Amino acid sequence: MKINHNFFSISNKIDVVKYFCRQGNILPHLMDRIRWHVYPRFYVVSKFPTHIDIEVSSACNLRCPMCKSTEMRKTGIKFGKNMEWDLYRKIIDECSKSSLYSIKLSWRGEPLIHPKIVDMVRYAKDKKIKDVAFLTNGSMLDRYMNLELVNAGLDWVGVSFDGFKEDYERIRFPAKFEHTMDNVKDLRKCREYFNLKKPQIRIQSIQSVIEGREKEFLRLWEGIADKVYFIRDEKRTIDEKDYAYHDTSLVCPNPWQRLVVASDGTIPQCITDYTCGGVLGNANTQTISEIWHSTYFNILRRQMKEGDRLKRKPCRICEK
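None of these values were measured; they are calculated from a predicted model.

### Some remarks on the overall build of the chain
- Along its length, the chain carries 13 helices and 10 strands.
- Relative to a compact globule of 320 residues, whose C-alpha radius of gyration would be 20 Å, the chain shows 19 Å and is just as compact.
- The principal-axis extent of the C-alpha atoms belonging to the chain is close to 50 × 45 × 40 Å.
- Across the 320 residues of the chain, 51% fall into the buried class.
- Looking at the chain alone, contacts between residues at least 24 apart form 75% of all its contacts between residues at least 6 apart.

The structure is reproduced here in structure tokens:
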């Protein structure tokens, strides 16, 4: 079973250790990592997921060519909704009473589009969620937003920043290289102004646009980012014909690790199920715990264990 198999850090090991220590909650974090890495290998279903991805917005201001949502728009699949506050509060209230360690307030869309994103971060931290974060393209960060996020208690922010100027502006159209870099620099300045360690700043790029220039990319973010890494390029189309080969012996760890809540409350089968082709429940009418232990989720786990995952369409349009 491969876990976190497509993420590769290019920060030096000392910086990675420093990053880990600065995150705080060291013992709970270690316990979380054990659950994350060990439970799937022994098919242990925890009482509650250790992590939940909450899609606060499925809308996005960019049209990145490698994103499944771009193709979904081209084929007429419509989405672009902000999560209702009452639904978000319902989810967080349940999470706060559980063994959950972390939430990430993003999935297919850009979380900064949600007008209450700062309130969402603050509410989760007030409810004692240990690790609250999101992934952003960074183009909508500004001085006001940066100050608000720092003071709301955000634990870390991941910025998708693919390569150097030419590749970045081709991929992250219509964002501009210098503008987004300045936004991230300002976030660091705001954090330092209040003499805080958080939010930790992560930068991620796809592998192909920095291959052979990893050290140069790392230097680009020196003194700005706390951690720099790249992700392996993957096919992200929604057409089954584009996936000629599948490893039938693979057992995906996701059903034992995490749960995803789409902006409308739908629970897709996993983080790669962009089209919600394998719905497992709905957070508007069910609790997270009910869904996590539901017949639908257990059928998914059984199919994974028995090598029958390709009976499910979301698995057939996943490169794993």
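### Observations concerning unusual backbone geometry
- The omega angle of the peptide bond from Phe-173 to Pro-174 is 5°, so this bond is cis rather than trans.
- Among the structural elements, Pro-174 can be located in the loop between α7 (165-171) and α8 (177-193).
- With an omega of 5°, the peptide bond between Lys-198 and Pro-199 qualifies as cis.
- Residue position: Pro-199 is located in the loop between α8 and β6 (200-206).
- Its identity as a non-glycine residue notwithstanding, Tyr-43 has a phi of 55°, on the positive side.
- You can see Tyr-43 is positioned in the loop between α2 (26-38) and β2 (51-54).
- Taking relative accessible area as the criterion, Tyr-43 reaches 34% and is therefore assigned partly exposed.
- Positive phi, normally seen in glycine, also occurs at Lys-128, with a value near 70°.

### Thoughts on the packing of helix α4 (residues 85-96) against helix α5 (residues 117-126)
- Here α4 crosses α5 at 25°, and the two axes come no closer than 10 Å. When the axis of α4 is compared with that of α5, the two are roughly parallel. The crossing of α4 and α5 is right-handed. Where α4 approaches α5, its residues Trp-85, Tyr-88, Arg-89, Ile-92 and Asp-93 are matched on the opposing element by Asp-119, Met-120, Val-121, Tyr-123 and Ala-124.
- When grouped by side-chain class, the residues that make up the contact of α4 with α5 number 7 nonpolar, no polar and 3 charged.

### Some details on the state of the cysteines
- Considering all chains together, one arrives at 0 disulfides under this definition.
- For Cys-276, which is in no disulfide, the shortest distance to another cysteine sulfur is to Cys-270 and amounts to 10 Å.

### Details of helix α12 (residues 295-305)
- Within α12, the full set of buried residues consists of Phe-297, Leu-300, Arg-301, Gln-303 and Met-304. All buried residues of α12 project into a common sector of 160° when viewed along the axis, lining one side.
- Looking at the buried residues of α12, the elements they touch are α10 (254-257), β8 (258-261), α11 (288-292) and α13 (313-316).
- Positive backbone phi, approximately 80°, marks Gly-307, located one or two places after α12.

### What to know about the pairing of β8
- Residue alternation in β8 divides its side chains into two sets, Arg-258 and Val-260 and Leu-259 and Val-261, and both sets are buried.
- Pairing of β2 with β8, which is carried by 4 bridges, proceeds in the parallel orientation. Across the sheet, residue Ile-54 finds its bridge partner in β8, namely Val-261.

### Remarks on the pattern of salt bridges
- What the rule picks out here adds up to 20 salt bridges.
- Note that Asp-155 and Lys-125 form a salt bridge whose closest N and O atoms lie 2.8 Å from each other. With Asp-155 in the loop between α6 (143-152) and β5 (156-160) and Lys-125 in helix α5, this residue pair connects regions lying 30 residues apart in the sequence.
- On the basis of relative accessibility, which here comes to 4%, the residue Asp-155 falls in the buried class.
- Among the residues examined, Lys-125 registers a relative accessible area of 21% and is labelled partly exposed.
- One salt-bridge network, held together by shared partners, links Arg-188, Arg-191, Glu-192 and Asp-226.

Conventions and cut-offs
- Residues numbered from 1 in each chain as written.
- Predicted model: local features only at pLDDT ≥ 70, side-chain atom pairs only at ≥ 80, totals over all residues.
- Heavy atoms only, no water.
- Helix = DSSP H or I, 4+ residues; strand = E, 2+ residues; numbered from the N terminus.
- Rg over C-alpha atoms; globule rule 2.2 N^0.38 Å.
- Buried < 20%, exposed > 50% of the residue type's maximum accessible area, 1.4 Å probe, protein only.
- Contact = heavy atoms within 4.5 Å.
- Axes fitted to C-alpha atoms, helices over the stretch in contact; angles between N-to-C directions.
- Parallel < 35°, antiparallel > 145°, perpendicular 65-115°, else oblique.
- Left-handed = near helix turned anticlockwise from the far one by under 90°.
- Nonpolar A, V, L, I, M, F, W, Y, C, P; charged D, E, K, R; others polar.
- Disulfide = S-S within 2.5 Å.
- Arc of directions from axis to C-beta.
- Pairing = 2+ DSSP bridges.
- Salt bridge = Lys/Arg side-chain N within 4 Å of Asp/Glu carboxyl O.

These values are about where atoms sit, not about what they do.
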